[in-house]
Amino acid sequence: MDMDLLIAPIIIFLVIVAPIWLILHYRSKRQVSQGLTEEEFTQLNELIEQADKMGQRIETLEAILDSESPEWRAKHEHS
């Protein structure tokens, strides 16, 4: 009787859940293996450009602070 209770869920799993699971799994693996889409690649390049610009701005701001207030780094490190 215990086996009868297990057979129905196992059959349902094998007939319905397992195929859907496998399809979704291999579809996601295929998408990952294909790499970035053209849109994602464009977005990544835009983010790289923005990060470079921000880095340059930070360097400029630090240079301004160094010339106008040379002790700013020491104050910032101690707080």
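Residues numbered from 1 in each chain as written. Predicted model: local features only at pLDDT ≥ 70, side-chain atom pairs only at ≥ 80, totals over all residues. Heavy atoms only, no water.

This paragraph deals with the overall build of the protein chain. Across its full length, the protein chain holds 3 helices and 0 strands. Starting at the N terminus, the α and β elements of the protein chain follow one another as α-α-α. Radius of gyration (C-alpha) of the protein chain: 29 Å, far over the 12 Å computed for a compact globule of 79 residues. Here the C-alpha coordinates of the protein chain stretch approximately 85 × 35 × 10 Å along the principal axes. A buried classification covers 4% of the 79 residues belonging to the protein chain. Of the roughly 7,600 Å² that the protein chain leaves accessible, carbon and sulfur atoms contribute 64%. Averaging the locations of the 7 positively and 14 negatively charged side chains of the protein chain gives two centres separated by 3 Å. (Helix = DSSP H or I, 4+ residues; strand = E, 2+ residues; numbered from the N terminus. Rg over C-alpha atoms; globule rule 2.2 N^0.38 Å. Buried < 20%, exposed > 50% of the residue type's maximum accessible area, 1.4 Å probe, protein only. Areas by Shrake-Rupley, 256 points an atom, 1.4 Å probe, with all protein chains shown as cover. Lys, Arg positive; Asp, Glu negative; His and termini not counted. Charge placed at Lys NZ, Arg CZ, Asp CG, Glu CD.)

Attention shifts here to the packing of aromatic side chains. This model, assessed by the stated rule, comprises 1 aromatic pair. A ring pair is formed by F13 and W21, whose centres lie 6.3 Å apart and whose planes are at 70°; its orientation type is edge-to-face. According to the relative accessible area criterion, F13 is partly exposed, its value standing at 35%. (Phe/Tyr/Trp six-rings, centres within 6.5 Å; stacked < 30°, edge-to-face > 60°.)

Under the defined criterion, the tally for this structure stands at 2 salt bridges. For E62, the salt bridge is made with R73, and the minimal N-O distance between the two is 3.8 Å. Of the two residues, E62 is situated in helix 2 (residues 38-68) and R73 in helix 3 (residues 72-78); the sequence distance between them amounts to 11 residues. The salt bridge involving D66 is made with R73; its shortest N-O contact spans 3.2 Å. (Salt bridge = Lys/Arg side-chain N within 4 Å of Asp/Glu carboxyl O.)

All right, on to the environment of R30 then. Within the secondary structure layout, R30 lies in helix 1 (residues 2-34). Sequence-wise, R30 and E40 are 10 residues apart; in three dimensions their C-alpha atoms are separated by 16 Å.

Here we come to the confidence of the model for the protein chain. Detailed reading of the predicted model is not advised wherever pLDDT is low. Of the residues in the protein chain, 91% reach a pLDDT of 70 or more, and the chain-wide mean stands at 85. The weakest mean pLDDT in the protein chain belongs to helix 3 at 75; the strongest belongs to helix 2 at 92. (pLDDT = per-residue confidence, 0-100.)

Its place among the elements puts D66 in helix 2. Taking the C-alpha atoms as reference points, D66 and W21, 45 residues apart in sequence, are found 59 Å from one another. Beyond its immediate stretch of four places on either side in the chain, D66 contacts W72 and R73. A distance of 3.2 Å separates polar atoms of two side chains, one belonging to D66 and the other to R73. (Contact = heavy atoms within 4.5 Å. Polar contact = N/O pair within 3.5 Å; in protein donor to acceptor, adjacent residues only side chain to side chain.)

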